[in-house]
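Each chain is listed here by its residues.
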Amino acid sequence: MRESENINKAVATGTLSYLARKHELIMAEIAQIYVRQPDDLQQKAMTHALEALVLQHNVDPLLHLLKKKYPFIRLFAQEALSLLETQQAQDILIAMLVHPCWLVRSIAAHQVGQRQIHAAQEILVTLLQDRIIEVRLSAVEALSKLHEHESVGPLIGALSDRHQYVRSAAANALASFNTPDVLQPLIAALNDTAWYVRSTAIESLAVLNSTEAFDALVAALHDRQEPVRRAAAKALGKLGDKRAVEPMIAALRERQISTCIALAEALGALGDHQAVKPLLRLFRRKVFGTGSSCNVQNGVLRALGQLGVIEPIISALDHHHEFVRMSAVKILGTMKDQRAVTSLFRVVNDSALSVRHAAVKAIEELGHNVIQCDEWPPNWEDAPGRNAAR
């Protein structure tokens, strides 16, 4: 078959796919057409042919394609090899880790990690020194998935990589090794020059959930970058150490919305009632825009729900914004506190349909039937939420 032949591409694609399943020698011809006309139809033909070879567990034609000078052809063959279960295919993937093309090395490292080929561990460690950042990133990810203790030292070393993305990937990878060795390097990473790395290190420390990181996490509440402060608030909430309550209350002066929400929810998780008054002050703050204030107020309501403080949540049923009212309704439903029932019945007449629906559901969660209950408001027949409730 030659490019000069006037053949409809769709027919050619179907024919090549069929022939590929019958005879692997057609692979070379598919590769040539793909080079000359690399469109979607030819890509599908290549994919189908590779699938056929995978089903046959035939490596030889794939090895032929790996020698092609076009990277995308090599990558097609490489992807097919990663699906093979034979030892020969695994050995080829390991050999690709030292291929001259950085893209092949990077994809090979990813596939080795996905298949958890432990024999590749030593080569992956050497790839942490590769001159191409994408290769180093793939190596870090693969070592994390292999999860061998011998990888901990090299991954700690990667925390000093010259690129912040590699340092961040290493910090993330170390969270999967729940050993004392990784704590101090991750705490030290909180002083990294890149906020992205500091934030990832905090998230990893939250996974490890060790009180050794407490002081460093509290200090991170005052980081100059908002994502780092937010991550620190979440980590302290998860850590569950009530020593964090006072520094987190002090941090409520924060003006960034997402961090305020994280602080409020973390205080709720810690379960200390000395946070109630500061949370109520945060609820009343006027420094945020309308929509942003609602988000902060909803975060405060969730925290109060965790603390079991019902009165301010009931009061929020009269809030001017329907999103806050709806949040209050949902939280009251989850609290399972019968003191909320009467107020929830009143909200079934709310002007907002979404609030009425939420109120009916919350009442049912509290074990009451909206229509049959004696406490139903006397103006039920005229209530705007009647049809919605039913």
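About the thresholds
All residue numbers refer to positions counted from 1 along the written sequence of the respective chain. Local features in a predicted model are, by the rule used here, given only for residues with pLDDT of at least 70; side-chain atom pairs are given and counted only at 80 or more, and totals for whole chains, interfaces and linings are based on all residues. The side-chain quantities take in all heavy atoms of the structure and omit both hydrogens and water. Two rings from Phe, Tyr or Trp (for Trp, the six-membered ring) form a pair when their centres are within 6.5 Å of each other. A pair whose planes differ by under 30 degrees is stacked, one over 60 is edge-to-face, and the rest are tilted. Per the convention used, a helix needs a DSSP run of H or I reaching at least four residues, while a strand needs a run of E reaching at least two, with both numbered from the N terminus. Burial classes follow relative accessibility: with a 1.4 Å probe on protein chains only, a residue under 20% of its type's maximum area counts as buried, one over 50% as exposed, and anything between as partly exposed. A contact between two residues is defined here by any heavy atoms of the two lying within 4.5 Å. Scored between 0 and 100, pLDDT is the confidence that the predictor attaches to each residue. Think of each axis as a best-fit line through the C-alpha atoms, taken over the contacting stretch in the case of a helix, with angles from 0 to 180 degrees between the N-to-C directions. For classification purposes, angles smaller than 35 degrees are called roughly parallel, those larger than 145 roughly antiparallel, those between 65 and 115 roughly perpendicular, and all remaining angles oblique. We call Asp, Glu, Lys and Arg charged. Ala, Val, Leu, Ile, Met, Phe, Trp, Tyr, Cys and Pro are nonpolar, and the rest, Gly among them, are polar. By nonpolar core is meant a set of buried Ala, Val, Leu, Ile, Met, Phe, Trp, Tyr and Cys residues that side-chain atoms within 4.5 Å join together. One less than the residue count of a helix, multiplied by 1.5 Å, gives the span that helix is expected to have.

*Asks:* What's the story with the packing of aromatic side chains in this structure? I'm lost.
*Replies:* Aromatic ring pairs are reported here in terms of the distance separating the ring centres and the angle at which the planes meet. Under the definition given, this model contains two aromatic pairs. Note on Tyr165 and Tyr196: the rings are 5.6 Å apart at their centroids and 70° apart in plane angle, and the pair reads as edge-to-face. In this pair, Tyr165 sits in helix α11 (residues 164-174) while Tyr196 sits in helix α13 (residues 195-208), placing the two residues 31 residues apart along the sequence. Between Trp195 and Tyr196 the ring centres are 5.8 Å apart and the planes differ by 90°, which places this aromatic pair in the edge-to-face class. By relative accessible area, Trp195 is classed as partly exposed at 36%. Overall, Tyr196 belongs to the partly exposed group, its relative accessible area being 36%.

*Asks:* I keep staring at α11 and nothing clicks. Help me out?
*Replies:* Quick reminder: α-helices carry 3.6 residues per turn. Residues three or four places apart thus point the same way. Those residues of α11 lying buried are Val166, Arg167, Ser168, Ala170, Ala171, Ala173 and Leu174. Elements in contact with the buried residues of α11: α9 (133-146), α10 (152-158), α12 (183-188) and α13.

*Asks:* It is not clear to me how the confidence of the model for the protein chain should be interpreted in this structure. Could you clarify?
*Replies:* Detailed conclusions should not be drawn from predicted coordinates in areas where pLDDT is low. Per-residue confidence for the protein chain gives a mean pLDDT of 80; residues scoring 70 or more make up 71%. Across the protein chain, the secondary-structure element scoring lowest on mean pLDDT is helix α24 (residues 386-389), at 37, and the one scoring highest is α11, at 97. Below pLDDT 50 for its whole length, residues 1-38 participates in 66 contacts with residues either more than four positions away or in separate chains. Below pLDDT 50 for its whole length, residues 50-59 participates in 31 contacts with residues either more than four positions away or in separate chains.

*Asks:* Would you mind showing me how to read the environment of Ala264 here?
*Replies:* Residue position: Ala264 is located in helix α17 (residues 257-270). When residues no more than four places from it in sequence are discounted, the contact partners of Ala264 are Leu279, Leu282, Gly299, Val300 and Ala303.

*Asks:* I keep staring at the packing of α11 against α13 and nothing clicks. Help me out?
*Replies:* Helices that pack against each other are described as a pair by the angle of their axes relative to one another and the distance between those axes. Put simply, α11 and α13 touch, their axes get as near as 8 Å, and they point 5° apart. Considered as vectors, α11 and α13 are oriented roughly parallel to each other. Two secondary-structure elements touch here, α11 through Gln164, Tyr165, Arg167, Ser168, Ala171 and Asn172 and α13 through Tyr196, Val197, Thr200, Ala201 and Ser204. Here the residues of the contact of α11 with α13 sort into five nonpolar, five polar and one charged.

*Asks:* Help me understand the nonpolar core in this model?
*Replies:* Proteins that are soluble and globular tend to have nonpolar side chains buried together. If you look at the biggest cluster of nonpolar residues, it comprises 110 residues, and the most contacted ones within it are Leu124 and Met248. Looking at this core, the element that brings in the most residues is α17, giving eight residues. Residues in contact with Met248, not counting those within four places in the same chain, are Leu221, Ala233, Leu236, Leu263, Ala266, Leu267 and Leu270.

*Asks:* Mind showing me how you'd approach the side chain of Arg285 here?
*Replies:* Looking at the element boundaries, Arg285 is found in the loop between α18 (276-284) and α19 (290-307). Not counting residues within four places of it along the chain, the set of residues in contact with Arg285 comprises Leu252, Arg253, Glu254, Arg255, Cys260 and Ser293.

*Asks:* Could you clarify how one ought to interpret unusual backbone geometry in this entry?
*Replies:* Working note: non-glycine residues mostly have negative phi, and peptide bonds are mostly trans. Phi angles above zero are rare outside glycine, and His147 is one such case at about 55°. Tracing the backbone through its elements, the reader meets His147 in the loop between α9 and α10. In the Ramachandran plot, Lys336 falls in the positive-phi region, its phi being about 60° despite a non-glycine side chain.

*Asks:* How should I be thinking about helix α23 (residues 353-365) in this particular structure?
*Replies:* Helix length check: α23 (13 residues) gives 18 Å between terminal C-alpha atoms against 18 Å at 1.5 Å per residue, within 8%. Here α23 has its buried residues at Val355, Arg356, Ala358, Ala359, Val360, Ala362 and Ile363.

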